[in-house]
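Here's the letter readout for the chains.
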Amino acid sequence: MASLFPQPTEAAYSTSSNTTPSPVQYTPVSDRSEDESGPLNRPPPGSLKVQTQFSADEDDRDDGYDSYDDPEEKPDTGFPKYTAIEEKQIVKKFDRRLVPFLALLYLLSFLDRSNIGNAKIAGMTDDLKLSSSQYEWLLTAFYITYILFEWMTLMYRLVPPHIYISLCVCGWGLVACFQSLATSFGSLILLRALLGITEAAFGPGVPFYLSLFYKREELAFRNGLFISAAPLASSFASSLAWVIVKMSSNGPIAPWRTLFLVEGFPSVIVAVFAWILIPDSPGSAWFLGPRQRMVAELRMEERKPDHHEPRRGKFNWKEVRITLADPKSYITAFMFFSCNVAFSSMPVFLPTIIKDMGYSSVTSQALSAPPFLFAFIIVLLTAYLSDRNRKRSPYLITHALLSSASYLIIALTGHFHAHLPAAAHTTIRYLCVYPATAGFFSAITLIMTWTMDNRVAKEGKGASIAIMNVIGQCGPLLGTRLYPSVDGPWYVRGMATCSFFMVVVAILAFVLKVMLLRACRKVEAEGDEIEMHGGEESEVLMGGRSIGRRVEEKFTYII
């Protein structure tokens, strides 16, 4: 390898009072050849030479590294320098090569999970002679196994992700296809349970996986891109279901069976590409060059307190125990539980709800798509603004309250429908579906990001996601039973319940905000106390504390 990253030393910042400071050129020394393969490592201590004299003019120098004249502005953090342009290029590559592919996988998983709602009104309940209670159990069976296998989130830390993810994708694709062969309630409920296992192994751990590639201030938008695949999948599922039902109505296979087969098989094909395209870490991303891989790893390690991370390759069980004992982990988990009551029910019941408004089966499939397409756009906008302003709670509380109000209006309209013209209460109920769905999809995105924002170690992020999902995914056990046929066509009780739980989301978000503000003030107070007792050599630099020549990082909470 022709060159490695230099590590600046004190000599880089030394000046003379009598002479003009000579520019500094870093000359790395490496024993590795150009043709040597393998992962890039940091240069060992002492492997860098400092050359202080060279003939080139300083203004013409372009060594590819950030240069700082004032050591007080950019302290020696012990990490090689890289430019902001380089970092931006790497993030763009992750945005183009990694996130869209993961979003595609989640779209396929959510499509295979929620298309049972479209299959219901396409003839499944009539062919299999399913009662309303049995249909609810089909929905619940998925979430029972989904909850029981949430612990598999930690497998992202133990198994190479390209192997693990591709096996998950192939698994749920096969199970989704087999649903087209179901001949009874028993066989279908078994397949739904298996589908829950395969999807639990994938979806809940992806935000943790993304946290290995993105910094905290970058994560919400990327999680938004990922989670937005859910409303997009619901919109796509409704549109695709409309096409399939229309084209296969007179075919040899029942439309609902064709639906399961057509929407499940693509996952099996994409699993092959997942094995090839998914990187295991920033340092092994196939679409990055050698230097970019090094920068991708280093940018994730900067400003990370050393005591949080064990030696490379070791699993940090201490951080898992700290996360399990932290009450903030459970606040986000119960927020997720409350939000999931709405998140799990609307995508699978909306076609039925719209059909009960008086529309035909085919028209109901078509009208189910626009609200989820609207939610897709709002999720991306919310995640972008949240990252840009480095704030979570204001957006989360706002969306939760808007969603709650929308659900409440739907419930009240249904309760007082006798006092309204038919066209009026149908229009009001349908239009309120838009902010209701956009609200809980956006809230889900922010909750999943927020629960990892304030964890440093990878194991802490994984454990927080596991806690959030184990508790939070119990919400669908309630959500999938909110709209029994006996409550139709108004479903007042289900709408009111979703309204209540979205208010709970807003309240818990406010409580967590207060806790984090107190934690921030405590950290700042401790920092001031150390500065007061640190003597003249102590000064605050880059969000950390510099004591002499040693820099201690001060962790900043995202609120």
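Here the structure is shown first, and the text comes after it.
Residues numbered from 1 in each chain as written. Predicted model: local features only at pLDDT ≥ 70, side-chain atom pairs only at ≥ 80, totals over all residues. Heavy atoms only, no water.

K.L.:
Outline the overall build of the protein, supporting the account with residue identities and numerical values.
P.N.:
Regarding its fold elements, the protein presents 22 helices and 5 strands. Long-range contacts, defined here as pairs at least 24 residues apart, represent 80% of the contacts in the protein between residues at least 6 apart. Summed over its atoms, the accessible surface of the protein is roughly 24,900 Å², and 61% of this surface lies on carbon and sulfur atoms. (Helix = DSSP H or I, 4+ residues; strand = E, 2+ residues; numbered from the N terminus. Contact = heavy atoms within 4.5 Å. Areas by Shrake-Rupley, 256 points an atom, 1.4 Å probe, with all protein chains shown as cover.)

K.L.:
Mind laying out the pattern of salt bridges, listing which residues take part and the relevant values?
P.N.:
Counted according to the given criterion, the structure contains 10 salt bridges. Linking glutamate 87 and lysine 215 is a salt bridge whose minimum nitrogen-to-oxygen distance equals 2.9 Å. A residue pair is termed long-range when its members are at least 10 positions apart, and glutamate 87 in helix H1 (residues 84-97) and lysine 215 in the loop between helix H8 (206-210) and helix H9 (216-227) qualify at 128 residues. Several salt bridges share partner residues, and in doing so they unite Glu87, Lys215, Glu218 and Arg299 into one network. (Salt bridge = Lys/Arg side-chain N within 4 Å of Asp/Glu carboxyl O.)

K.L.:
Explain the packing of helix H10 (residues 229-248) against helix H17 (residues 369-389) to me, using residue names and the numbers behind them.
P.N.:
Here H10 crosses H17 at 155°, and the two axes come no closer than 7 Å. When the interaxial angle is binned, H10 and H17 end up roughly antiparallel. H10 and H17 meet at a crossing whose hand is left-handed. Two secondary-structure elements touch here, H10 through Pro231, Leu232, Ser234, Ser235, Ser238 and Ser239 and H17 through Ala369, Phe372, Leu373, Ala375 and Phe376. (Axes fitted to C-alpha atoms, helices over the stretch in contact; angles between N-to-C directions. Parallel < 35°, antiparallel > 145°, perpendicular 65-115°, else oblique. Left-handed = near helix turned anticlockwise from the far one by under 90°.)

K.L.:
If you had to explain helix H12 (residues 290-301) to someone new, which residues and values would you point to?
P.N.:
The end-to-end C-alpha distance of H12, which contains 12 residues, comes to 17 Å, matching closely the 16 Å that a straight helix rising 1.5 Å per residue would cover. Within H12, the full set of buried residues consists of Gln292, Met294, Val295, Ala296, Leu298, Arg299, Met300 and Glu301. Among the structural elements, H1 and H9 are those in contact with the buried residues of H12. (Expected span 1.5 Å × (residues − 1). Buried < 20%, exposed > 50% of the residue type's maximum accessible area, 1.4 Å probe, protein only.)

K.L.:
Go over the packing of helix H2 (residues 99-114) against helix H11 (residues 255-277) with me, naming the residues and quoting the values.
P.N.:
Relative orientation of the contacting elements H2 and H11 amounts to 155°, with a least axis distance of 10 Å. One finds that H2 runs roughly antiparallel with respect to H11. Note that H2 runs across H11; the crossing there is left-handed. Taking contact as the criterion, the partners of Phe101, Leu105, Leu108, Leu111 and Asp112 in H2 are, on H11, Glu263, Gly264, Pro266, Ser267, Val270, Phe273, Ala274 and Leu277.

K.L.:
Account for the environment of alanine 506, with residues named and values stated.
P.N.:
Along the polypeptide, alanine 506 turns up in helix H22 (residues 492-533). Here the alpha-carbon distance between alanine 506 and cysteine 339, two residues 167 residues apart in the chain, equals 9.8 Å. Sequence-distant contacts of alanine 506, that is, excluding residues within four places in its chain, are made with Ile397, Ala400 and Leu401.

K.L.:
An account of the state of the cysteines is requested, with residue identities and associated values reported.
P.N.:
For the coordinates displayed, the defined rule picks out 0 disulfides. Unpaired in this structure, cysteine 339 has its nearest cysteine sulfur neighbour in cysteine 498, at a distance of 9.9 Å. (Disulfide = S-S within 2.5 Å.)

K.L.:
Account for unusual backbone geometry, with residues named and values stated.
P.N.:
Along the chain, glycine 488 connects to proline 489 via a cis peptide bond; the corresponding omega equals 5°. Turning to its location among the elements, proline 489 is positioned in the loop between helix H21 (475-479) and H22. Residue lysine 129 is not a glycine yet carries a positive backbone phi of 55°. Looking at where lysine 129 falls in the secondary structure, it is placed in the loop between helix H3 (116-127) and helix H4 (132-148). Of note, tyrosine 491 is a non-glycine position whose phi angle comes to about 50°, a positive value. With relative accessibility at 3%, the residue tyrosine 491 sits in the buried group.

K.L.:
If you had to explain a nonpolar patch on the surface to someone new, which residues and values would you point to?
P.N.:
Together, Leu167, Phe265, Ile269, Val272, Phe273, Trp275 and Ile276 make up a nonpolar patch on the protein surface, roughly 730 Å² of accessible area in all. Top element by residues in the nonpolar patch is H11. It accounts for 6 residues. Here leucine 167 shows up in helix H6 (residues 161-178). (Patch = residues over 30% accessible without salt bridge, like charges linked within 9 Å, V, L, I, M, F, W, Y side chains within 5 Å.)

K.L.:
Could you give an account of the nonpolar core, with specific residues and numbers?
P.N.:
Counting 131 residues, the largest nonpolar core has Phe94, Leu102, Met124 and Phe202 as the members making the most contacts within it. Take this core: its biggest share by element is 15 residues, from helix H19 (residues 422-453). For this core, the domains that each give at least three residues are domain 1 (85-280 + 292-302) and domain 2 (319-525). (Core = buried A, V, L, I, M, F, W, Y, C linked by side-chain atoms within 4.5 Å. Domains from an automatic or database assignment.)

K.L.:
Explain the side chain of arginine 192 to me, using residue names and the numbers behind them.
P.N.:
Among the secondary structure elements, arginine 192 is positioned in helix H7 (residues 185-200). Buried within the structure, arginine 192 lacks any salt-bridge partner; glutamate 199 is the closest side chain of opposite charge, at an N-O distance of 7.0 Å. Within polar-contact distance, the side chain of arginine 192 engages the backbone oxygen of leucine 138 at 3.5 Å. (Lys, Arg positive; Asp, Glu negative; His and termini not counted. Polar contact = N/O pair within 3.5 Å; in protein donor to acceptor, adjacent residues only side chain to side chain.)

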